[in-house]
Amino acid sequence: MVFSKAQCLVLLLLWNFTDAGRILMKMKQRVRDVQLQRAKQLLLTVALQHVKEGRIHQQLDHFNRQDVKTFPQRFFVNEAFWQRPDGPVFLFIGGEGPVYEFDVLAGHHVDMAAEHGALLLAVEHRFYGESINPDGLKTENMYIVQSFSLSRRNIWISFGGSYSGALSAWFRGKFPHLVFGAVASSAPVKAELDFSAYSDAVGLSLMNEAVGGSKKCVSAVREAFGAAEALMIRNVSQVAKDFRCCQTPKDHQDQVELMQSLADIVMGTVQYNEESVLMSISDLCGVMTNQSAAYEEEREPYQRLVKLSQIYRSSSEEPCLDVSHEKTVKDLMDTTVQSERRAERQWTYQTCTEFGFYQTCEDASCPFSGMVTLRSQTEICLELFGISQNSLPGRVAFTNRYYGGDEPHTHRVLYVNGGVDPWKELSVGNRTDGGEEAESVFIRDSAHCADMTRGRVTDRRSLKNARQEIEKHVESWLKTAQQEKKRTE
């Protein structure tokens, strides 16, 4: 199966690492690289003088007044559309990775900024990208409010997707006096240690005929993983050969790495569906249910799973699948500041200390390998950071107590979720909370963060309608803010 360059050149505003699988991270980073390439083309047509990069000397420890240490927090500003001096500010919150110029140059929030005359600001998450430490980085004492003479007359709206979508919602919930409204796309606001519902949701999406799935497809996936696990017991060398592994997964941890990697290919495809750089659900199910193979053995689900791994390796230009758990641990133990390692170690630490989000497969409904257990996923916390597995439930419970989980007491937060996206299980839908209706948009056949991209002709009608709903909410917030200002003047 050959995928065109057009299918691979997909622009997503946020492609975050809210997952533990190594291949999922690689798939997302590939899309992030594509974003940069597309951004370079965009930069040729945009007045670059309106985009500025800077650093804020941010306090390292906000809970200790005597600690004066700071770190340089990077930001980008685009003032091309700003109606000075009282125009609104659209804050794009960075997630677990670097921010770039195109975070203030492209996307649905940029389109809305152009319509409402907003100043665009993208702020990088601490300890990611270049917002790690001052060593070797040029900094300047530059504060946004002072630089643009912002005041209480400027209305702030925050935007984010995936983990940064949760940050957007939490920012509004904890500091409502600072941000008037927030859009939280595909936001997992509920921390979940054992996120088995993720795999279950993937299985349901593989059955969804509206996006190219079928019962036959999910059955084939389940049978393929069962066959792979059974063959590994009898002949692990054959499995290593079939899936072109870089190492023969002889020990249990390496075998879990392989099973997780194969599941990642399927999970990543489902999570992003038509927004992906690899294939869509329809493409994947086409491979898994193909009965027209030239050779009889290629018609077996196991061989079709092998085919999927070949497509992934060809697309990613990886000669083999790296399944060494020892190498994974060694890479994550690297504490030097290297651009290619600026997300995985930090995010792993956050999963161990705050969120969990471990996509396990111990339920009978899971279509993947039962070898991927909570224990196998959380061992890394002890190996890397000395954090015991027994302490994890308490850490996750604290996060939910602090932020409210999936029942947050928030007002003017718009939760946007796609029906194909497994992360919707940890977000917020239509409900009534504390006498106020939670604002939400549900896109029944849409994928993770799809609403954040700039509209395309090929977008589904449901996605186009969702963007219109988001625009209505943002416009309503801005009008309400203006009315409140007039009453207080």
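Here is what the cut-offs are and how they apply
- Residue positions are counted from 1 within each chain, in the order its sequence is given.
- For a predicted model such as this one, the threshold for reporting local features is a pLDDT of at least 70, and the threshold for listing and counting side-chain atom pairs is 80 or more; totals across whole chains, interfaces and linings nevertheless cover every residue.
- The basis for every side-chain value is the complete set of heavy atoms in the structure, and neither hydrogens nor water enter the calculation.
- Secondary structure elements are taken from DSSP: a helix is a run of H or I of four residues or more, a strand is a run of E of two residues or more, and numbering for both begins at the N terminus.
- Only heavy atoms enter the contact rule, under which two residues are in contact if any of them lie within 4.5 Å.
- Residues belong to one nonpolar core when they are buried, are Ala, Val, Leu, Ile, Met, Phe, Trp, Tyr or Cys, and are joined through side-chain atoms within 4.5 Å.
- Relative accessible area decides the class of each residue, using a 1.4 Å probe on protein chains only: under 20% of the type maximum gives buried, over 50% gives exposed, and in between gives partly exposed.
- Only Phe, Tyr and Trp rings are paired, with Trp represented by its six-membered ring, and only when their centres lie within 6.5 Å; those with planes under 30 degrees apart are stacked, over 60 edge-to-face, the remainder tilted.
- The term salt bridge refers to a pairing of a side-chain nitrogen on Lys or Arg with a carboxyl oxygen on Asp or Glu at a separation within 4 Å.
- Pairing between two strands requires that DSSP report at least two bridges joining them.
- As a rule, the C-alpha atoms of each element are fitted with a line to give its axis, helices using only the stretch in contact, and angles between N-to-C directions run from 0 to 180 degrees.
- Only a pair of cysteine sulfur atoms within 2.5 Å counts as a disulfide in this structure description.
- Roughly parallel covers angles under 35 degrees, roughly antiparallel covers those over 145, roughly perpendicular covers 65 to 115, and oblique covers all other angles.
- Classification convention: Asp, Glu, Lys, Arg as charged; Ala, Val, Leu, Ile, Met, Phe, Trp, Tyr, Cys, Pro as nonpolar; all other residues, Gly among them, as polar.
- As a per-residue quantity, pLDDT reports the predictor's confidence and falls between 0 and 100.

Participant: I'm lost on the environment of Q260 in this one. Help?
Facilitator: Considering the arrangement of structural elements, one finds Q260 in helix 9 (residues 252-272). Distance in space between the C-alpha atoms of Q260 and V372 is 6.6 Å, their sequence separation being 112 residues. Among all residues touching Q260, those that are not within four sequence positions of it are G21, M267, Q359, V372 and Q377.

Participant: In this structure, what is going on with the nonpolar core? I would like to understand it.
Facilitator: Grouped burial of nonpolar side chains is what soluble globular proteins tend to show. Grouped together as the largest cluster of nonpolar side chains are 98 residues, with contacts concentrated most on L206, F225, F243, L258, M259, L284 and F368. Of all hydrophobic cores here, the second largest spans 32 residues; its members include V51, F76, C449 and A450.

Participant: I keep staring at the packing of aromatic side chains and nothing clicks. Help me out?
Facilitator: Geometrically, a pair of aromatic rings is defined through the distance of the ring centres and the angle of the planes. Per the counting criterion, the structure on display carries 21 aromatic pairs. Look at F398 and Y402: their rings are 6.1 Å apart centre to centre, the planes differ by 15 degrees, and that puts the pair in the stacked class. With F398 and Y402 both in helix 15 (residues 392-403), this residue pair falls 4 residues apart, about one helical turn. Taken together, the ring pairs connect Y163, W170, F195, Y198, W347, F355, F357, F398, Y402, Y403 and W423 into an aromatic cluster.

Participant: I tried to follow the pattern of salt bridges on my own but got confused; where do I start?
Facilitator: Proximity of charged atoms lets side chains of opposite charge pair with each other. Enumeration over the complete set of coordinates arrives at 20 salt bridges. The closest approach of N and O atoms between D86 and R153, which form a salt bridge, is 3.0 Å. A residue pair is termed long-range when its members are at least 10 positions apart, and D86 in the loop between strand 2 (70-78) and strand 3 (89-93) and R153 in the loop between helix 4 (144-147) and strand 5 (156-161) qualify at 67 residues. Owing to a relative accessible area of 28%, D86 belongs among the partly exposed residues under this scheme. The class of R153 is partly exposed, set by a relative accessible area of 36%. As a salt-bridge pair, R454 and D111 come within 3.2 Å of each other at their nearest N and O atoms. Separated by 343 residues along the polypeptide, R454 in the loop between strand 12 (439-443) and helix 16 (461-488) and D111 in helix 3 (residues 108-116) bring together distant segments of the chain. When salt bridges with common partners are traced through the structure, they connect E53, R55, R74, E124 and E130 into a single cluster.

Participant: Is there a simple way to think about the sheet that holds strand 2 in this case?
Facilitator: Strands in a sheet are paired, the pairing made by backbone hydrogen bonds, and the direction either parallel or antiparallel. Pairing is mixed across the open sheet formed by 8 strands, whose spatial order is 1-2-4-3-5-6-9-12. Sheet topology places strand 1 (51-59) and strand 12 at the edges, where each strand pairs with a single neighbour. Here the strands of the sheet are splayed against their neighbours by 20 degrees on average, with no regard to which way each runs. The pairing of strand 5 with strand 6 (residues 181-185) spans 5 bridges and is parallel. Across the sheet, F159 pairs through a bridge with V183, a residue of strand 6.

Participant: So what exactly am I meant to see when it comes to the pairing of strand 5 here?
Facilitator: Residues in a regular strand point their side chains to alternate faces of the sheet. Summarising burial for strand 5: 6 of the 6 residues are buried, a large majority. Residues W156, S158 and G160 line one face of strand 5 and the alternating positions I157, F159 and G161 line the opposite face, and both faces are buried. As paired elements, strand 3 and strand 5 share 4 bridges and run parallel to each other. The partner of F92 across the bridge, within strand 5, is F159.

Participant: What is the right way to read the state of the cysteines from this model?
Facilitator: Cysteine pairs can be covalently joined through their sulfur atoms, and such a bond is termed a disulfide. What the rule picks out here adds up to 4 disulfides. Between the sulfur of C217 and that of C285 lies a disulfide, 2.1 Å long from S to S. Its torsion about the S-S bond being -80 degrees, the disulfide of C217 and C285 is classed as left-handed. Here the residue C217 occupies a position in helix 7 (residues 215-234), and C285 occupies one in helix 10 (residues 281-288), the gap between them amounting to 68 residues. Since its relative accessible area comes to 0%, C217 is described here as buried. Assessed through its relative accessible area of 3%, C285 is described here as buried. Across a sulfur-sulfur distance of 2.1 Å, C352 and C381 are joined as a disulfide pair. Taking the sign of the S-S torsion, about -90 degrees here, the bridge from C352 to C381 comes out left-handed.

Participant: Would you mind going over the packing of helix 9 against helix 12 (residues 325-332) with me for this structure?
Facilitator: In a pair of packed helices, the angle between the axes and the distance between the axes together describe the arrangement. The interhelical angle for the contact between helix 9 and helix 12, taken along N-to-C directions, is 80 degrees, at an axis separation of 8 Å. As judged from the angle between their axes, helix 9 and helix 12 are roughly perpendicular. Listed contacts from helix 12 to Q253, D254 and E257 of helix 9 are H325, E326 and T328. Of the residues assigned to the contact of helix 9 with helix 12, the class counts are no nonpolar, 3 polar and 3 charged.

Participant: Is there a simple way to explain the confidence of the model for the protein chain in this structure?
Facilitator: Detailed reading of predicted coordinates is not advised where the pLDDT is low. Here the protein chain shows a mean pLDDT of 85. Residues at 70 or above account for 84%. pLDDT under 50 marks residues 1-19. Its contacts with residues more than four places away, or in other chains, come to 88 contacts. Scored below 50 in pLDDT, residues 430-436 makes 13 contacts in the model with residues more than four places away or belonging to other chains.

Participant: Is there a simple way to think about the side chain of S369 in this case?
Facilitator: You can see S369 is positioned in the loop between strand 8 (356-358) and helix 14 (374-385). The class of S369 is buried, set by a relative accessible area of 1%. If we ignore the near neighbours within four places in the chain, the residues touching S369 are F225, E229, M259 and C361.

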